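Below are the chains, spelled out letter by letter.
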Amino acid sequence: MTDSSRTGSRLVIFLVVFIDLLGFGLVLPLLPVYADTYSTDSSGIQLGLLMASFSVMQFIFAPIWGKLSDRFGRRPILMVGLAGSVFFYALFGFATMIENQQLTMVLLFVTRIGAGIAGATISTAQAYIADTTTRETRSKGMALIGMAFGAGFTFG
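Residues numbered from 1 in each chain as written. Predicted model: local features only at pLDDT ≥ 70, side-chain atom pairs only at ≥ 80, totals over all residues. Heavy atoms only, no water.

Asks: When you look at the overall build of the chain in this model, what are you seeing that I'm missing?
Replies: Regarding its fold elements, the chain presents 7 helices and 0 strands. Starting at the N terminus and walking to the C terminus, you meet the elements of the chain as α-α-α-α-α-α-α. Within the chain, the fraction of its 156 residues that count as buried is 42%. In the chain, of all internal contacts separated by at least 6 residues, the share reaching a separation of at least 24 is 75%. Total accessible area on the chain is roughly 8,600 Å²; 69% of this is exposed by carbon and sulfur atoms. (Helix = DSSP H or I, 4+ residues; strand = E, 2+ residues; numbered from the N terminus. Buried < 20%, exposed > 50% of the residue type's maximum accessible area, 1.4 Å probe, protein only. Contact = heavy atoms within 4.5 Å. Areas by Shrake-Rupley, 256 points an atom, 1.4 Å probe, with all protein chains shown as cover.)

Asks: In this structure, what is going on with the side chain of Thr104? I would like to understand it.
Replies: Secondary-structure assignment places Thr104 in helix α5 (residues 101-118). With near-sequence residues (within four places) excluded, Thr104 lies in contact with Tyr38, Ala95, Thr96 and Ile98.

Asks: Looking at this model, I keep getting lost on the packing of aromatic side chains. Mind explaining?
Replies: Inspection of the entire model under this criterion finds 5 aromatic pairs. Centroid distance Phe14 to Phe18: 6.2 Å. Interplanar angle 10 degrees. Geometry classified as stacked. Separated by 4 residues within a single helix, Phe14 and Phe18 lie in helix α1 (residues 3-27), roughly one turn from each other. Here Phe14 matches Phe18 in class, with each residue buried. Here Phe87 and Phe88 contribute two aromatic rings whose centre-to-centre distance is 5.1 Å and whose plane-to-plane angle is 80 degrees, an arrangement assigned as edge-to-face. On the accessibility criterion, Phe87 (49% relative accessible area) is partly exposed. (Phe/Tyr/Trp six-rings, centres within 6.5 Å; stacked < 30°, edge-to-face > 60°.)

Asks: I would appreciate a short explanation of the nonpolar core in the present structure.
Replies: Nonpolar side chains tend to gather and get buried jointly when the protein is soluble and globular. Core analysis: the largest hydrophobic core is formed by 34 residues, its most contacted members being Ile13, Leu50, Met105 and Leu108. At the level of elements, α1, α2 (30-38), α3 (45-72), α4 (74-95), α5, α6 (122-132) and α7 (138-155) are the ones that each hand at least two residues to this core. No other element matches the 8 residues that α1 contributes to this core. Aside from chain neighbours lying at most four places away, what touches Met105 is Ala35, Tyr38, Ser39, Gln46 and Leu50. (Core = buried A, V, L, I, M, F, W, Y, C linked by side-chain atoms within 4.5 Å.)

Asks: Sorry if this is basic, but what is going on with α7 here?
Replies: Side chains that are three or four residues apart share a direction in an α-helix, a result of its 3.6 residues per turn. Taking 1.5 Å per residue, 18 residues should reach 26 Å; α7 reaches 26 Å between its end C-alpha atoms and fits that length. The complete set of buried residues in α7 reads Gly141, Ile145, Ala148, Ala151 and Gly152. For α7, the angular spread of the buried residues around the axis is 135 degrees, confining them to a single face. Relative to its buried face, α7 has exposed residues pointing more than 90 degrees away, namely Ser139, Lys140 and Thr154. (Expected span 1.5 Å × (residues − 1). Arc of directions from axis to C-beta.)

Asks: What is the right way to read the packing of α6 against α7 from this model?
Replies: To characterise two packed helices, one gives the angle between the axes of the helices and the distance between these axes. The geometry of α6 relative to α7 is characterised by a closest axis approach of 9 Å and an angle of 155 degrees between their N-to-C directions. Classified by the angle between their axes, α6 and α7 sit roughly antiparallel to one another. At the point where α6 passes α7, the crossing takes the right-handed sense. Across from Ile122, Ala125, Gln126, Ile129 and Ala130 in α6, the residues of α7 making contact are Arg138, Gly141, Met142, Ile145 and Phe149. (Axes fitted to C-alpha atoms, helices over the stretch in contact; angles between N-to-C directions. Parallel < 35°, antiparallel > 145°, perpendicular 65-115°, else oblique. Left-handed = near helix turned anticlockwise from the far one by under 90°.)

Structural data, given as structure tokens:
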């Protein structure tokens, strides 16, 4: 792999992580508003579950995506995860336009769970960086992921 193609691949990795965290950051402040509007639970348990569902799915699915990326390759898994994120964030927007409050709440859960599953590919991005860097340049590659993580969350 040439140095210019590695630079291009690292840019793609940066964008994948950035977009995943951008979506997370955009949606997070809206969840309490939507839960207040669409939920009938006054205890806050439903809101807590809605907010936690994303992270729980990431925790569960990160090793699964890692195993799949070992088998099928890092790029295809990253692209599937990114496409899944786009789908579930679009469904999130659609869910808020539905008049039926119960259906909206169910779809909000589906979208948070799905986005968590799709967004669990961040560890795959880290594995890609580890695979394509030398010991001397690995810290720069991991710093790139950290920058994408921070920038995506901040802009979101």
